[in-house]
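So the chains spell out like this:
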Amino acid sequence: MGRLLIFLLITLLISCYDAGSQSAFSVDKWMEYVEGMEDEERAEALFFDLSYLSEHPFELNTVTGEQLRKLPFLSDRQIENILSYRRRYGMFMTVYELKSIEELDFQTIEYLLPFVYIGRITVEKRPFTVENLLKNGSNKLQARYDRCFQQKKGYRSLPDSIMALYPNRRYVGEPFYHSLRYTYAFDDRLQFGLVAEKDAGEPFWNTYHKGYDYYSGHLFVKDIRWLGSLAIGDYKASFGQGLVISHDFTPGRNTMIAQPERRTHGFRRHNSTNESDYFRGAAATVRLDPLDISLFYSYKRLDATLADSNRVSSIKTDGLHRLEREREKRRVLPQQAYGANIRYATPAVCLGVTALACSFGGYEIQPELKPYTLFYFRGSRQVNIGADYLWKSRLFKLYGETAVTKDRAWATLNGLQLTPVSYFSLLALYRYYDRRYRSFFGHAFSQGSSLGNEEGLYLGMQLTPFAYWKVAMFADFFRFPWLKYGVDAPSSGREYMLRLDYAPAAGIACYVRYKYRRKERNATLSGGKAYAVLPSALRRLRAEMQYAVRAVSFKTAAEGVMYDEERGKRSKGFMLSQSVGWKPPGKPFQAALYAALFRTDDYDSRITSYEKAILYAFSMPSFYGKGVRLTANARWDIVERLSLSVKFSCTQYADRDIIGTELEAIEGRRKTEVSTLLGWKF
């Protein structure tokens, strides 16, 4: 442990971007935006999208407003000022000319730089001909391999007699993760791709299964005369504010103050390894300006637990098929979904109506009857209809959506943003989701894990009082009118956040953030014989500083957490981390190191920390107990179109002899993992 502590003091993180100037910019700066999102699954989806855009940046002198709206950290006002600056002064000569736009603060510019460049301008779109498709299309093939060096309990050898009696005591597959991804793109108007994946523990080539566990394919075409988009295969859809359909990320409480409403409308390809959050079928959008008409159809089979021949007690969404009992649930439930959206859109006003029907063949969804599941969806068919609106000007933005089910359960979300001047913004957001409201494909702003049984008011403010300074804060007041899992009574809570940013010069930035959350949950009273619903509070304080010198960038962070229950326990924890990144200009190699020391009393005081990972891989692990976390990343561009990325990570605990639980348990105090990605562009 002493050696690890010494190593902790000399290790450092985050690779940097040096475009041949005296200023160093972090290419990973935009990842701070993703790190601020609370929903890890949605953060991973956004991370994947932004990773792709960073690999395929926009040409700054031809980029459109629609393309810039794909970057969630840019406000509508900032986008308009980028475009108006170009109209007024002509083409950008360098990306650093963005500093001349008053509405772009230094932090936003650092977020933006990896997504734009100055290059050759193509005025006309190239036609779809065989010659152009072969000559000007881009191909990319990626192979990823991950493995844990220590043996987990689920991979130990067991006698055949034991396996015959207890088949779920051992994983049926190999102890490594592997995926293949192929993509083809032509001018961003035609995209084709294939994905294949197996998770660690799933069989790849043995008596249980031959080949990958998950396959996905897509063909996506857009912007061809009146055809706005056409999707065949696996695709994602989002309309309105997400009360009916959304496969995109949900703005988090930390990040939504500047850009609160959803911008993504319509269809896009599904090219990730997420095995549940997508449609499989066909979809199309017809554009009759200012009207868009969208139709879609999907059919796929879901993992589920069958209560009997035609009743389903639960739907499984993690995509893991490592055990006999998990493989028995594999793709047993047919799901059919179809619907339409009509959207009227002008620069100032948008109106839309979405209808969706979902059915499960001859099966009925019947969750186990418990007090907190009393208002869960039950039946074989669900219908959702929603109407959304957006009205905006330079000073304000009013938006929202209201949806209803065939059982007359309804949900509504409405927000008002005021921006009287570029350096000050206010946001008020009210939401009400009936306890009976359910949407299988809806994802909207909420405190709960699913839509339904929630009412709340969110208030946010962002202010730039002086040059180089930014202040952001929010307060969220919410209540749950009915019981929840782990809460045996109606409950309520509140959450506050205050963040102060300071960026005095290129390559230097720091912030301090304080968060407080108070919620109610089941608690054991003294003696351990009775339960009561009591308040619990979680406080977090984080301070971080980033600084860069040419090709080297550093990040130092400290975070503390305190958890306490009324008439109950109290626990606390902290994490100290240091990182460094190195990317010499003109060299085909870059590297990053990260080290963290953590100490928490228990799981309730755990600390979650974002880590740099290989391309398209999102890593935000949680830690509790006492230990040290070390990671090392490297990327080598072997030749012009061939690259290799590697991440090595090690966690050393000082307070336990077994890491993990059940079949994921590792005997010992150390867990070591490696991730590799080989990419070939042709």
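Draft legend 1. Seen up close, the overall build of the chain. In terms of regular secondary structure, the chain is built from 9 helices and 35 strands. Its C-alpha atoms give the chain a radius of gyration of 25 Å, near enough to 26 Å, the size a compact globule of 682 residues would have. Referenced to the eigenvectors of the C-alpha coordinate spread, the extents of the chain come out at roughly 75 × 65 × 55 Å. Expressed as a percentage of contacts within the chain between residues at least 6 apart in sequence, the contacts between residues at least 24 apart total 61%. Charged side chains in the chain number 95 positive and 75 negative. The centres of these two groups are separated by 1 Å.

Draft legend 2. Fine view of the side chain of Lys236. Position of Lys236 relative to the elements: it lies in strand 9 (residues 227-238). We note that Lys236 is buried and unpaired, the nearest opposite charge coming from Asp49 at a distance of 5.1 Å. What Lys236 contacts, discounting residues up to four positions off in sequence, is His247, Gly266, Phe267, Arg268, Arg269, His270, Ser272 and Asp277.

Draft legend 3. Quick peek at empty space enclosed by the protein. By the definition in use, this model includes 6 cavities of 30 Å³ or more. For the second largest cavity, the calculated volume is near 60 Å³. In terms of lining residues, the second largest cavity is bounded by Gln241, Thr250, Pro251, Met256, Pro260, Glu261, Arg262, Tyr399, Leu413, Leu429 and Phe445. Here the residues of the lining of the second largest cavity sort into 7 nonpolar, 2 polar and 2 charged.

Draft legend 4. View of the pattern of salt bridges. One pass over the full model with this rule turns up 45 salt bridges. In this structure, Arg287 and Asp292 form a salt bridge, with 4.0 Å as the shortest nitrogen-oxygen distance. Of the residues examined, Asp292 reaches a relative accessible area of 18% and is grouped as buried. The salt bridge partner of Asp308 is Arg311, with a shortest N-O separation of 2.7 Å.

Draft legend 5. A look at the packing of aromatic side chains. According to the stated counting rule, one finds 44 aromatic pairs in the structure shown. Seen in terms of ring centroids, Phe204 and Tyr212 are 5.0 Å apart; in terms of plane orientation they differ by 65 degrees. Their pairing is edge-to-face. Overall, the relative accessible area of 11% leaves Tyr212 in the buried class. Here the aromatic residues Tyr145, Phe176, Phe204, Trp205, Tyr212 and Tyr215 are joined through ring pairs into a cluster of three or more. In this structure, Arg269 is placed above the aromatic ring of Tyr52, and the distance from its NZ or CZ to the ring centre is 4.7 Å. A cation sits over an aromatic face here: Lys484 above Phe480, 4.4 Å from the ring centre.

Procedures and definitions
- Residues numbered from 1 in each chain as written.
- Predicted model: local features only at pLDDT ≥ 70, side-chain atom pairs only at ≥ 80, totals over all residues.
- Heavy atoms only, no water.
- Helix = DSSP H or I, 4+ residues; strand = E, 2+ residues; numbered from the N terminus.
- Rg over C-alpha atoms; globule rule 2.2 N^0.38 Å.
- Contact = heavy atoms within 4.5 Å.
- Lys, Arg positive; Asp, Glu negative; His and termini not counted.
- Charge placed at Lys NZ, Arg CZ, Asp CG, Glu CD.
- Buried < 20%, exposed > 50% of the residue type's maximum accessible area, 1.4 Å probe, protein only.
- Salt bridge = Lys/Arg side-chain N within 4 Å of Asp/Glu carboxyl O.
- 1 Å grid on protein atoms, 1.4 Å probe; cavity = no way out; pocket = protein on both sides within 12 Å on 5 of 7 lines; lining within 4 Å.
- Points joined across faces, edges and corners; volume = space filled by probe spheres on them.
- Nonpolar A, V, L, I, M, F, W, Y, C, P; charged D, E, K, R; others polar.
- Phe/Tyr/Trp six-rings, centres within 6.5 Å; stacked < 30°, edge-to-face > 60°.
- Lys NZ or Arg CZ within 6 Å of the ring centre and 35° of its normal.

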